[in-house]
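Each chain is listed here by its residues.
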Amino acid sequence: MASWFNDKKGYRRFSDSGDYVHRWVAEDKLGRELRDGEVVHHKNRDKGDNHPDNLHVFRNQRQHDRVHRKDQWW
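Calculation criteria
- Residues numbered from 1 in each chain as written.
- Predicted model: local features only at pLDDT ≥ 70, side-chain atom pairs only at ≥ 80, totals over all residues.
- Heavy atoms only, no water.
- Salt bridge = Lys/Arg side-chain N within 4 Å of Asp/Glu carboxyl O.
- Buried < 20%, exposed > 50% of the residue type's maximum accessible area, 1.4 Å probe, protein only.
- Helix = DSSP H or I, 4+ residues; strand = E, 2+ residues; numbered from the N terminus.
- Core = buried A, V, L, I, M, F, W, Y, C linked by side-chain atoms within 4.5 Å.
- Contact = heavy atoms within 4.5 Å.
- Pairing = 2+ DSSP bridges.
- Arc of directions from axis to C-beta.

S.K.: Can you break down the pattern of salt bridges residue by residue, with the values?
M.R.: Summed over the entire model, instances satisfying the criterion amount to 3 salt bridges. For Arg13, the salt bridge identified is with Asp7, shortest N-O distance 2.9 Å. Close ionic contact of Glu38 with Arg32 constitutes a salt bridge, the shortest N to O distance being 3.0 Å. We classify Glu38 as buried; its relative accessible area is 9%. A relative accessible area of 27% means that Arg32 is categorised as partly exposed. Among the charged side chains, a salt-bridge network with shared partners connects Arg32, Arg35 and Glu38.

S.K.: Which residues make up unusual backbone geometry, and what values go with them?
M.R.: Of all residues except glycine, most have a negative phi; of all peptide bonds, most are trans. Backbone geometry at Arg45 places phi at a positive 70 degrees, although glycine is not the residue there. With respect to the helices and strands, the residue Arg45 is situated in the loop between β3 (39–42) and β4 (55–58). Judged by relative accessible area, Arg45 falls into the partly exposed class, the value being 35%.

S.K.: Which residues make up the nonpolar core, and what are the values?
M.R.: Formed by Phe14, Val21, Val25, Ala26, Leu34, Val40 and Leu55, the largest nonpolar core amounts to 7 residues. Examining the composition of this core, we find that 3 residues originate from one element, helix α1 (residues 21–30), more than from any other. Each residue touching Leu34, except ones within four places of it in the same chain, is listed here: Arg23, Glu27, Val40 and Val57.

S.K.: Please give an account of the pairing of β3 that cites residues and values.
M.R.: Side chains of β3 alternate between two faces, with Val39 and His41 and Val40 and His42 buried alike. Examined bridge by bridge, β3 and β4 share 4 bridges and lie antiparallel to one another. The residue of β4 that forms the bridge with His42 is Leu55.

S.K.: So, α1: which residues are in play, and what are the values?
M.R.: The set of residues buried in α1 consists of Val21, His22, Val25 and Ala26. What you see down the axis of α1 is that its buried residues fit within an arc of 135 degrees, all on one side. One or two steps after α1, the chain reaches Gly31, where phi turns positive at roughly 80 degrees.

S.K.: Go over the side chain of His64 with me, naming the residues and quoting the values.
M.R.: Summarising the element assignment, His64 is placed in helix α2 (residues 61–72). Not counting the four nearest positions on each side in its chain, His64 is found in contact with Val39, His41 and Phe58.

See the structure below:
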């Protein structure tokens, strides 16, 4: 069974590799590895909630940033 830790920013990482858990879950959900530049977003903003339904993959950081800027107006 894999073990993980929370990094300083609150993201879960695998203890053995340091890889982000949310990126691994997103790859499993997509059935492929993430492409260069793709960004995994936590829909509910909870960095510890890595359930596949809570993750969305954006093609790039610009698209991801657009969602967060939109949130600031609410």
